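Working through the structure, step by step
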Amino acid sequence: MLKLRILSAIFGVPLLLFIVWTGGWLLVAGVVVLVGLGWKEFIGLMEKIGFVVRGRIGWLVLFFPIAAYLDCSGFIPGCFSYLPVGILLASAFGFIISYPGWKLADVAVTLWGIFYLGMLLSFWVLVRELNQGCYWIVLALILTWASDTGAYFTGRNWGKRKPWPRLSPGKTLEGALGGLFFCIATSLIFTSTSSFIRWGGQDLGLTGSIILGLVVSVMAQAGDLVESGLKRSAGVKDSGGLIPGHGGILDRFDSILFVMPTVYFFIQIYAKYKFFQ
């Protein structure tokens, strides 16, 4: 299993970094593929739970990355904001026209999945289009990895208290705190004023670096727990088997789903108010 994880990383990480570095429509296409594969896994999970995902509106999820790029690049300003409203109205009309064929619970699950996958993954595009966007995406990946790694090793060696025994029995309070510590430490190393390896991006100062590490770790662990809840509800270990040694798209990107929007809003708040320094 470990060899498969390493081989997948050797091939996958350079490809991911190349797509992020190139940006533009290549990144949009890459995110669309991720959304599509993740959506297929989501449908499978929901079917195991007993829901019926409504595909006639569900596959509109693929338009989110495109809308994000058209919006932030200035082609169609506001497009990313309009799309959720359009999808919500489309689902409402579908419910009316198909009544009583469409159960309200199925429509709600479909909408939740669309926003969970389509909207959150599209923040890769939104962050990339910001000033020094490539730097921020790489930093988000590093911080997420630091949080996940810190939580894993701390929990494995010292974990005792289990705050979510029904949701994720393998997670411990000590592991969560370890992930928090590792993420904050990594943020300080890469973004603080005194850092000797900061390769670019804004100088966040001591307070800004700590806040960034704190919120990223909290959201990364929240994303992991949400995915654990989905899989536990469906009675499966992995969401899929696409990535050897890692499971499916949702297994690999569960933490970053919540992290990328967090980094985006952190950058926007920092740029506007600059009250962290």
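Please refer to the structure higher up on the page.
Along each chain, residue indices are assigned from 1 in the same order as the chain's sequence is written. For a predicted model such as this one, the threshold for reporting local features is a pLDDT of at least 70, and the threshold for listing and counting side-chain atom pairs is 80 or more; totals across whole chains, interfaces and linings nevertheless cover every residue. The basis for every side-chain value is the complete set of heavy atoms in the structure, and neither hydrogens nor water enter the calculation.

1. A word on the side chain of D106
Rules: Elements are defined by DSSP. Helices are runs of H or I of four residues or more, strands are runs of E of two residues or more, and each kind is numbered from the N terminus. Here the term buried applies to any residue with accessible area under 20% of the maximum for its type, exposed to any over 50%, and partly exposed to those in between, with areas from a 1.4 Å probe on protein chains only. The criterion used for residue contact is that any of the two residues' heavy atoms lie within 4.5 Å.
Inspection of the secondary structure assignment puts D106 in helix 6 (residues 104-121). In this structure D106 comes out as buried when scored by relative accessible area, which is 5%. Apart from residues lying up to four places away in sequence, D106 is in contact with F51, V52 and R54.

2. Let's talk about the nonpolar core
Put simply, the rule is: Among buried residues, those of type Ala, Val, Leu, Ile, Met, Phe, Trp, Tyr and Cys that are joined through side-chain atoms within 4.5 Å constitute a nonpolar core.
Judged by nonpolar contacts, the single largest core of 65 residues is most densely connected at W124 and W136. Considering each element in turn, this core owes the most residues, 13 residues, to helix 11 (residues 249-273).

3. Some details on the packing of helix 9 (residues 173-191) against helix 10 (residues 205-234)
Inclusion rule: A fitted line through C-alpha atoms represents every axis, and for helices the fit uses only the stretch in contact; the resulting angles, taken between N-to-C directions, go from 0 to 180 degrees. Between 65 and 115 degrees an angle is taken as roughly perpendicular, under 35 as roughly parallel, over 145 as roughly antiparallel, and anywhere else as oblique. Rotating anticlockwise by less than a right angle from the far helix to the near helix defines a left-handed crossing, while the corresponding clockwise rotation defines a right-handed one. For this classification, Asp, Glu, Lys and Arg are treated as charged, while Ala, Val, Leu, Ile, Met, Phe, Trp, Tyr, Cys and Pro are nonpolar and the rest, including Gly, are polar.
Viewed as axis vectors pointing N to C, helix 9 and helix 10 meet at an angle of 140°, and their least axial separation amounts to 8 Å. If you check the angle between helix 9 and helix 10, you find them oblique. Here the hand of the crossing between helix 9 and helix 10 comes out right-handed. Residues A176, G179, L180, C183, I184, S187, L188 and T191 of helix 9 lie in contact with helix 10, whose contacting residues are G205, L206, S209, I210, L212, G213, L214, V216, S217, V218 and Q221. In terms of residue class, the contact of helix 9 with helix 10 is built from 11 nonpolar, eight polar and no charged.

4. Comments concerning the environment of G208
One can find G208 in helix 10. In this structure, the C-alpha to C-alpha distance between G208 and T191, residues 17 residues apart in sequence, is 8.4 Å.

5. Concerning the environment of A29
One can find A29 in helix 2 (residues 24-49). We classify A29 as partly exposed; its relative accessible area is 39%. For A29 and L62, which are 33 residues apart along the polypeptide, the C-alpha to C-alpha distance reads 9.9 Å.

6. Structural notes on helix 4 (residues 63-72)
Burial analysis of helix 4 places seven of its 10 residues in the buried class, which makes it a mostly covered element. Of all the positions in helix 4, only F64, P65, A67, A68, Y69, L70 and D71 are classed as buried. In this fold, the buried residues of helix 4 make contact with helix 2, helix 5 (79-98), helix 6 and helix 7 (123-128). A positive phi of about 90° marks G74, the residue just after helix 4.

7. Section: the packing of helix 2 against helix 6
Viewed as axis vectors pointing N to C, helix 2 and helix 6 meet at an angle of 155°, and their least axial separation amounts to 10 Å. With respect to helix 6, the element helix 2 is oriented roughly antiparallel. Between helix 2 and helix 6 lies a crossing of right-handed hand. Residues V31, L34, V35, G38, W39, F42 and M46 of helix 2 form the contact with helix 6, whose own contacting residues are V109, T110, W112, G113, I114, L117, G118 and L121.

8. Quick word on unusual backbone geometry
Residues Y99 and P100 are joined by a peptide bond in cis, for which omega reads 5°. Tracing the backbone shows P100 in the loop between helix 5 and helix 6. We note that Q132 has phi near 60°; this positive angle belongs to a residue other than glycine.

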